[in-house]
Amino acid sequence: MTSSPPFIPQSDPPLPPWETLPTMYDLPSDNPEEPGLPDDFHFLQPLLLYLTFQPTIWNPELVYSAADLNLYYDLQHPLWYKRPDWFGVVGVSKLYKGEDLRLSYVTWQEPANPFVVVELLSPGTEAEDLGMKKNAAHKPPSKWKVYERILRIPYYIVFSRYTDELQAFQLIGGHYEPMNLTEGRLPMPELGLSLGLWQGSFRDIPKLWLRWFTLAGELIPLPTEEAVTAKQEAAAAKQEAAAAKQEAVTAKQEAAQARQKAEQLTERLRQLGVNPDELD
């Protein structure tokens, strides 16, 4: 990261920062210090979060989430960034300015900061992720400090697949405070969602996953699960329709048999010299 952003001369009166500072088109979108994804879990777990992040009280068009995307956060140091394993934002469109796929998330060019960030602990990242790492004054601050002090992200989640430990923090009074699980989940009423651990199979891999739920504790379904449910419901509806049709056929047959029996009884009465029409 030795290159400098393009210089934009200042005007009088000064222009707002989103017009003078670099945009996502000007800033690097790769991560030269940590190229590529570190392992399968760092691909699959954010994917599961991405697919199930469906805030129930927000317009889906104003919900955005991303994984392993550069997050630029400092107006004074526009080249500094963090690269969260996953983060979610509400109040922004899925496309940058409603037009383009994002190359990075540049906070001074966006209407809202991330609302929730998830970091997946790896060997050697705990100090950085949990704010135990001391950074020199001229160096970029830790993720913890960026999320808590600079971007003031309301919810910060840290999960270790090695120990299955879930640590959650909520921004209260400008500082992160540990969150307690409620019925095994972390409620986020501002989203209409809760986040919790789920023992299940994702992409045919059974393990303990971090996954989104409703506030009531119902799983937010994956598209594949919705398709399976829809197929099962269609099959059940088809079976019900077939059963109803069979019942109708049976009822018609029974009515025909009853009518035939009545006709036979009527004919028998006439043979015995009794007029059935005169019977009360």
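Further up the page is the structure itself.
Residues numbered from 1 in each chain as written. Predicted model: local features only at pLDDT ≥ 70, side-chain atom pairs only at ≥ 80, totals over all residues. Heavy atoms only, no water.

> Just to check I follow, could you spell out the side chain of His 42 for this structure?
You can see His 42 is positioned in helix α2 (residues 41-52). Within the structure, His 42 has its side chain in polar contact with the backbone oxygen of Leu 120 (distance 3.4 Å). Within the structure, the side chain of His 42 is placed 3.2 Å from the side chain of Ser 122, a separation counted as a polar contact. (Helix = DSSP H or I, 4+ residues; strand = E, 2+ residues; numbered from the N terminus. Polar contact = N/O pair within 3.5 Å; in protein donor to acceptor, adjacent residues only side chain to side chain.)

> Hey, could you run me through the pattern of salt bridges in this one?
It is possible for side chains of opposite charge to pair when their charged atoms get near one another. One pass over the structure, following the stated rule, counts six salt bridges. A salt bridge links Arg 83 to Asp 68; its shortest N-O distance comes to 3.2 Å. One end of the pair, Arg 83, is in the loop between β3 (81-82) and β4 (86-90); the other, Asp 68, is in the loop between β1 (63-66) and β2 (71-72), and 15 residues separate them in sequence. Linking Arg 149 and Glu 148 is a salt bridge whose minimum nitrogen-to-oxygen distance equals 3.0 Å. (Salt bridge = Lys/Arg side-chain N within 4 Å of Asp/Glu carboxyl O.)

> How do you make sense of the sheet that holds β3 when you look at a structure like this?
Through backbone hydrogen bonds, the strands of a sheet pair up, either in parallel or in antiparallel fashion. Ordered in space as β3-β2-β5, the three strands form an open sheet in which the pairing is mixed. Edge positions in the open sheet fall to β3 and β5 (105-106), since each of these has one partner strand only. Two elements, β2 and β5, share two bridges in a ladder whose sense is parallel. The partner of Tyr 72 across the bridge, within β5, is Val 106. (Pairing = 2+ DSSP bridges.)

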